[in-house]
Amino acid sequence: MMKRIELADASIQPVRSELTLVGKISADENRVIKVYPLVGGNVESVSVELGDFVRRGQVLATIRSGEVADFERQMIQAQSEVLVAEKNLKAAEELFESKLNSQREVNVAKKEVENAQAELNRIKEVFRIYGLGKTTHYVVKSPIDGFVISKNINPGMQLRSDNAEQIFTVGQISEVWVMANVNESDIPKVKLGMMANIQTISYNDELFHGKVDKIYNVLDPESKSMKVRIRLNNKRYKLKPEMHATVSLKFEEGGSMMAIPSSAVIFDRSKNWVMVFKGRTQIETRRYRDWE
């Protein structure tokens with residue numbers, strides 16, 4: 001029998017406990033960008049689907065827009081006005097050299113050139129910001145590398161320029177958050193930097209490890225709970241936004257007690273038992289709560 005059993009030492013250990021929280025996986029808000037339509041028009045094509053990985057500058061959708069056509073008209077008009085203003089200035093300078101007009105008229109012509117050039121620069125900046133070319137189409141491009149985590153656009157849809165809803169959300173999820181709810185009675189137990197173990201339904205046999213990096217010091221008025229944030233590495237992209245998660249936080253309650261390995265506790269007849277070894281001929285069986 002001595003060859004088959006293992007002996008474990010009892011020792012004084014700090015009293016530790018575990019707090020279990022319910023949470024949800026979410027993308028890191030600092031790595032998420034919402035894409036809004038800068039112009040109104042008719043959606044001609046959508047090049048990506050929900051969940052697709054996209055590169056920065058990749059085309060997400062194409063919109064045929066009358067506003068873009070108007071910008072092109074403004075560009076042509078602004079270029080023409082610059083040319084006309086420059087010709088007027090040249091003519092004014094030639095007349096001034098011939099003493100047929102005054103310096104004031106030359107100064108007025110120079111001011112007209114400056115105004116025309118300023119308007120042309122403004123239109124060029126609009127083209128740069130909107131990513132416009134010599135076409136009536138507005139191309140929506142991804143601002144970052146990441147996954148399409150929301151999509152509110154389809155071919156044939158009519159978009160208004162004052163649309164307040166994003167058409168795409170692109171996020172990087174190589175690092176994610178777990179937003180967990182802490183009951184009011186458990187708030188004193190949660191501290192910044194606490195190590196956390198996270199389990200999900202999809203990977204119930206795998207533990208993910210992170211730590212509490214933010215405590216939101218306000219309570220939800222309906223649930224009376226406080227949110228905490230756990231940051232997780234997600235380089236394998238196993239964790240997806242909106243997944244449910246179970247969070248376990250371990251903490252010390254204060255004080256010390258005699259402790260034994262959990263594997264030394266025997267469950268039998270609806271009770272927990274411990275075998276106390278004092279010698280080869282002196283082995284006692286005790287209830288777990290009375291084993292000391």
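None of the values given here were measured: they were computed from a predicted structure.

Trainee: Break down the pattern of salt bridges for me, with residues and values.
Mentor: Under the counting rule described, the total for this entry stands at 17 salt bridges. Residues Glu175 and Arg231 are paired through a salt bridge, measuring 3.0 Å at the closest nitrogen-oxygen approach. Taken together, the positions of Glu175 in strand β10 (residues 175–183) and Arg231 in strand β13 (residues 225–233) put the pair 56 residues apart, joining distant regions of the chain. Judged by its relative accessible area of 22%, Glu175 falls in the partly exposed class. A salt bridge links Arg269 to Asp268; its shortest N-O distance comes to 3.4 Å.

Trainee: So what's going on with the side chain of Ser150? Which residues, and what values?
Mentor: As for its position among the elements, Ser150 is in strand β7 (residues 146–151). For Ser150, a relative accessible area of 17% gives the class buried. Of the polar contacts made by the side chain of Ser150, one reaches the side chain of Thr169; its length is 2.6 Å. Each residue touching Ser150, except ones within four places of it in the same chain, is listed here: Leu50, Gln166, Ile167, Phe168 and Thr169.

Trainee: Requested: an account of the sheet that holds strand β9 (residues 168–171), with residues and values cited.
Mentor: Strand order in the open sheet formed by 4 strands is β2-β9-β7-β4, with antiparallel pairing between adjacent strands. Sheet topology places β2 (32–35) and β4 (53–54) at the edges, where each strand pairs with a single neighbour.

Trainee: How would you explain the nonpolar core if you had to name every residue and give the values?
Mentor: Judged by nonpolar contacts, the single largest core of 35 residues is most densely connected at Leu60, Tyr138, Val140, Ile153, Ile167 and Phe168. Contributing elements (two or more residues each) for this core: β3 (41–46), β5 (59–64), α1 (66–97), α2 (103–130), β6 (137–141) and β9. With near-sequence residues (within four places) excluded, Ile167 lies in contact with Val35, Tyr36, Pro37, Val140, Ser150, Lys151, Asn152, Ile153 and Leu159. Ala27, Phe147, Val212 and Met243 belong to the second-largest nonpolar core, a separate cluster that totals 27 residues.

Reading guide: rules and limits
- Residues numbered from 1 in each chain as written.
- Predicted model: local features only at pLDDT ≥ 70, side-chain atom pairs only at ≥ 80, totals over all residues.
- Heavy atoms only, no water.
- Salt bridge = Lys/Arg side-chain N within 4 Å of Asp/Glu carboxyl O.
- Helix = DSSP H or I, 4+ residues; strand = E, 2+ residues; numbered from the N terminus.
- Buried < 20%, exposed > 50% of the residue type's maximum accessible area, 1.4 Å probe, protein only.
- Polar contact = N/O pair within 3.5 Å; in protein donor to acceptor, adjacent residues only side chain to side chain.
- Contact = heavy atoms within 4.5 Å.
- Pairing = 2+ DSSP bridges.
- Core = buried A, V, L, I, M, F, W, Y, C linked by side-chain atoms within 4.5 Å.

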